[in-house]
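What follows is the residue order along each chain.
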Amino acid sequence: VQLQAFGGGLVQAGGSLRLSCAVSGRTFSDRYMAWFRQAPGKEREFVAAIARSGGNTYYANSVKGRFTIARDNAKNTLYLQMSSLKPEDTAVYYCAADRSIILSSIRTPGAYDYWGQGTQVTVSS
């Protein structure tokens, strides 16, 4: 399984961006998918996750109401729509995948076996 994240860039505070993560292989619909982010000097942190069918979604409190995670199983693609961006959202954003996740671990980076290369999001004030 290979993941490739793209769509990052430079945006002003209050603006929007949509990240995408293209996933190779035929098992995309069998996998939980998530977005994490890592700012310089900080640990990687959970942003959002989505269940296999897309029916259940999970968000970090810091992005709830501003970010929306979605998936298109027909296109093997994961999305993160980011709105009302803040300078503190600046980070490298990573997509991650795993076939089986215990819900109590869904926010834990170590629970995911597959990672994309990351895409930089910079929000200017």
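Report on the accompanying structure. The structure presented is a predicted model; accordingly, all values stated were derived computationally and were not measured. (Residues numbered from 1 in each chain as written. Predicted model: local features only at pLDDT ≥ 70, side-chain atom pairs only at ≥ 80, totals over all residues. Heavy atoms only, no water.)

Turning to the packing of aromatic side chains, a few remarks are in order. Throughout the structure, instances matching the rule amount to 5 aromatic pairs. Residues Phe36 and Tyr112 carry aromatic rings whose centres are separated by 5.4 Å and whose planes lie at 75 degrees to one another, so their mutual orientation is edge-to-face. Separated by 76 residues along the polypeptide, Phe36 in strand 4 (residues 32-38) and Tyr112 in the loop between strand 9 (91-98) and strand 10 (114-115) bring together distant segments of the chain. For Phe36, a relative accessible area of 0% puts it in the buried group. (Phe/Tyr/Trp six-rings, centres within 6.5 Å; stacked < 30°, edge-to-face > 60°. Helix = DSSP H or I, 4+ residues; strand = E, 2+ residues; numbered from the N terminus. Buried < 20%, exposed > 50% of the residue type's maximum accessible area, 1.4 Å probe, protein only.)

All told, the structure shown has 1 disulfide when counted by the stated rule. Between the sulfur atoms of Cys21 and its disulfide mate Cys95 the distance is 2.2 Å. The S-S bond linking Cys21 to Cys95 shows a torsion near 65 degrees; that makes this disulfide right-handed. Of the two residues, Cys21 sits in strand 3 (residues 17-23) while Cys95 sits in strand 9, which places them 74 residues apart along the sequence. (Disulfide = S-S within 2.5 Å.)

So, about the pairing of strand 3. Extensive coverage of strand 3 is indicated by the burial of 5 of its 7 residues. Pairing of strand 1 (residues 3-6) with strand 3 involves 4 bridges; the strand directions are antiparallel. From the neighbouring strand, Phe6 faces strand 3, where its bridge partner is Ser20. For strand 3 and strand 8 (residues 77-82), the ladder comprises 6 bridges, and the chain directions are antiparallel. Bridge pairing in strand 8 links Arg18 to Gln81. (Pairing = 2+ DSSP bridges.)

This part covers unusual backbone geometry. Positive phi values are uncommon outside glycine, yet Asn76 reaches one of about 55 degrees. Along the chain, the position of Asn76 falls in the loop between strand 7 (67-72) and strand 8. Exposure remark for Asn76: the relative accessible area of 19% places this residue in the buried category. With a phi close to 50 degrees, Ser84 is a non-glycine residue in the positive phi region.

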